[in-house]
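Each chain is listed here by its residues.
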Amino acid sequence: MASDLKNRARMLISCPDQPGIVAAVSKFLYEHGSNIVQSDQYTMDPVGGMFFIRVEFDLPNLEDHLEKLQSDFAEQVAKPFSMEWSLSLASRKKRLAILVSKEDHCLLELLWHWRAGDLDADIAMVISNHNDMRELVEPFGIPYHHVPVTPETKPEVERRHLELMDGKVDLVILARYMQIITPKFIERFDKRIINIHHSFLPAFVGGKPYAQAHNRGVKLIGATAHYVTEELDAGPIIEQDVQRVSHRDDVDDLKRIGRTIERTVLARAVSWHVEDRILTHGNKTVVFN
């Protein structure tokens, strides 16, 4: 797949909405010999709002022209329109680190998608505070690191995590890792840590959300994939889904039903991130899926 995309790039842009943005981007890419193969856009408000656009384009011998393309775009288009923007090569797969604890359903879903070729990324490593998943992970040929953690050793453990990931990881996935990440770690991977929370946020933040939901007598349960910020379970939401439940379902039933929601929601969010389909603005996301 990467060889088919060797000349394809993806551009994500956000800027104040104003006339001429799409025309300027399209004209620039055309004049630099590119062919746009996909374009999506969204405006929060045509008057005074923010404008978001995702563009995929092909350019022969892309890597040879990349430096000039970026410098010219920064000066000729991004600067006049006050853009925040990024450009990535579709052929350069993002490298993932998956952090997991004792529950395997989210991890398995990602491994299955990866093995099937539906997750266009490289899984660089799996890190766990337990050894339970080693026999599951190693047959996939993926390095497995067991790093036990206690409240007293958390700073040392995160230093170890960062050492393992240094220069090898673009995105961190908390696949039911069940540990609170420190601000220092979050700063290192800003907007590059995805967590799956087992509730339909903002309802039932924190621990034991299924027990909270059962005590409240809800008729819907859900799961939320979001970027991690310093505020617990409050980062920009990427994807959510729900399932109807009834008064007959106890906490174990909710957990069982919820596992299916969690695994599919997380897999979607990770896939959209590695395909450069997500823009963040404040505490919200724009997802071109």
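Everything below is about the structure shown above.
Figured I'd write up the structure that's included with this text. Please read all numbers here as calculations on a predicted model, not as lab measurements. (Residues numbered from 1 in each chain as written. Predicted model: local features only at pLDDT ≥ 70, side-chain atom pairs only at ≥ 80, totals over all residues. Heavy atoms only, no water.)

### Description of the packing of helix 7 (residues 209-216) against helix 8 (residues 251-274)
Where helix 7 meets helix 8, the axes come as close as 9 Å, and the angle between the chain directions of the two elements is 125 degrees. When the axis of helix 7 is compared with that of helix 8, the two are oblique. Our pair here, helix 7 against helix 8, has a crossing hand that is right-handed. Of helix 8, the residues touching helix 7 (which contributes Y210, A211, A213 and H214) are V251, L254, K255, G258, R259 and E262. Taken together, the residues that form the contact of helix 7 with helix 8 break down as 5 nonpolar, 2 polar and 3 charged. (Axes fitted to C-alpha atoms, helices over the stretch in contact; angles between N-to-C directions. Helix = DSSP H or I, 4+ residues; strand = E, 2+ residues; numbered from the N terminus. Parallel < 35°, antiparallel > 145°, perpendicular 65-115°, else oblique. Left-handed = near helix turned anticlockwise from the far one by under 90°. Contact = heavy atoms within 4.5 Å. Nonpolar A, V, L, I, M, F, W, Y, C, P; charged D, E, K, R; others polar.)

### Describing the side chain of H198
Residue placement: H198 occurs in the loop between strand 9 (193-197) and helix 7. Side-chain polar atoms of H198 contact the side chain of R176, separated by 3.5 Å. (Polar contact = N/O pair within 3.5 Å; in protein donor to acceptor, adjacent residues only side chain to side chain.)

### Details of a nonpolar patch on the surface
On the surface, F200, L220 and V242 cluster together into a nonpolar patch covering about 240 Å² of accessible area. Note on placement: F200 falls in the loop between strand 9 and helix 7. On the basis of relative accessible area, F200 is assigned to the partly exposed category, the value being 39%. (Patch = residues over 30% accessible without salt bridge, like charges linked within 9 Å, V, L, I, M, F, W, Y side chains within 5 Å. Areas by Shrake-Rupley, 256 points an atom, 1.4 Å probe, with all protein chains shown as cover. Salt bridge = Lys/Arg side-chain N within 4 Å of Asp/Glu carboxyl O. Buried < 20%, exposed > 50% of the residue type's maximum accessible area, 1.4 Å probe, protein only.)

### Let's talk about the pairing of strand 2 (residues 35-43)
Bridging between strand 2 and strand 3 (residues 50-58) involves 8 bridges; their strand directions are antiparallel. Of the residues in strand 3, the one forming a bridge with Q41 is I53. Counted along the chain from strand 2 to the antiparallel partner strand 3, the turn is 6 residues long, and its residue G48 has a positive phi close to 85 degrees. (Pairing = 2+ DSSP bridges.)

### Let's talk about the nonpolar core
Ranked by size, the top nonpolar core spans 40 residues in total, and within it L96, I194, L266 and V270 carry the most contacts. Contributions of two or more residues to this core are made by strand 5 (94-100), helix 3 (105-116), strand 6 (121-128), strand 8 (171-174), strand 9, helix 7, strand 10 (220-227) and helix 8. In terms of residue count, helix 8 provides more of this core than any other element does, 10 residues in total. Not counting residues up to four positions away in its chain, the partners in contact with L96 are L119, A121, D122, I123, A124, M125, V169, L171, I173, V270 and V274. Of all hydrophobic cores here, the second largest spans 23 residues; its members include A9, L29, L59 and A78. (Core = buried A, V, L, I, M, F, W, Y, C linked by side-chain atoms within 4.5 Å.)

### Here we look at the environment of D118
Topologically, D118 is positioned in the loop between helix 3 and strand 6. The class of D118 is partly exposed, set by a relative accessible area of 49%. Put simply, D118 and D58 are 60 residues apart on the chain and 22 Å apart in space, counted from C-alpha to C-alpha. For D118, the contacting residues outside a window of four places in its chain are H113 and S271.

### Examining the pattern of salt bridges
Counted by the stated rule, this structure contains 23 salt bridges. K68 is paired through a salt bridge with D72; the nearest N and O atoms lie 2.9 Å apart. You can see K68 and its partner D72 sitting in helix 2 (residues 62-81), 4 residues apart, about one turn around the helix. The buried category is assigned to D72, whose relative accessible area is 13%. The residue R256 makes a salt bridge to D253 at a minimum N-O spacing of 3.4 Å. Of this pair, R256 and D253 both sit in helix 8, separated by 3 residues, roughly a single helical turn. R256 gets classed as partly exposed once you look at its relative accessible area, which sits at 45%.

### Concerning unusual backbone geometry
With an omega dihedral of 15 degrees, the bond running from L201 to P202 counts as a cis peptide bond. Mapping P202 onto the fold places it in the loop between strand 9 and helix 7. In the Ramachandran plot, S82 falls in the positive-phi region, its phi being about 55 degrees despite a non-glycine side chain. With respect to the helices, strands and loops of the structure, S82 is situated in the loop between helix 2 and strand 4 (84-89). Phi is positive for D276, which is not a glycine, with a value near 55 degrees. Position of D276 relative to the elements: it lies in the loop between helix 8 and strand 12 (278-281). Taking the relative accessible area as the measure of exposure, D276 reaches 9% and is therefore buried.

### Things to note about the environment of E109
Locating E109 in the fold gives a position in helix 3. The buried category is assigned to E109, whose relative accessible area is 13%. As a C-alpha pair, E109 and L266 span 157 residues in sequence and 8.7 Å in three-dimensional space. When near neighbours in sequence (up to four residues on either side) are disregarded, E109 contacts R263, T264 and A267.

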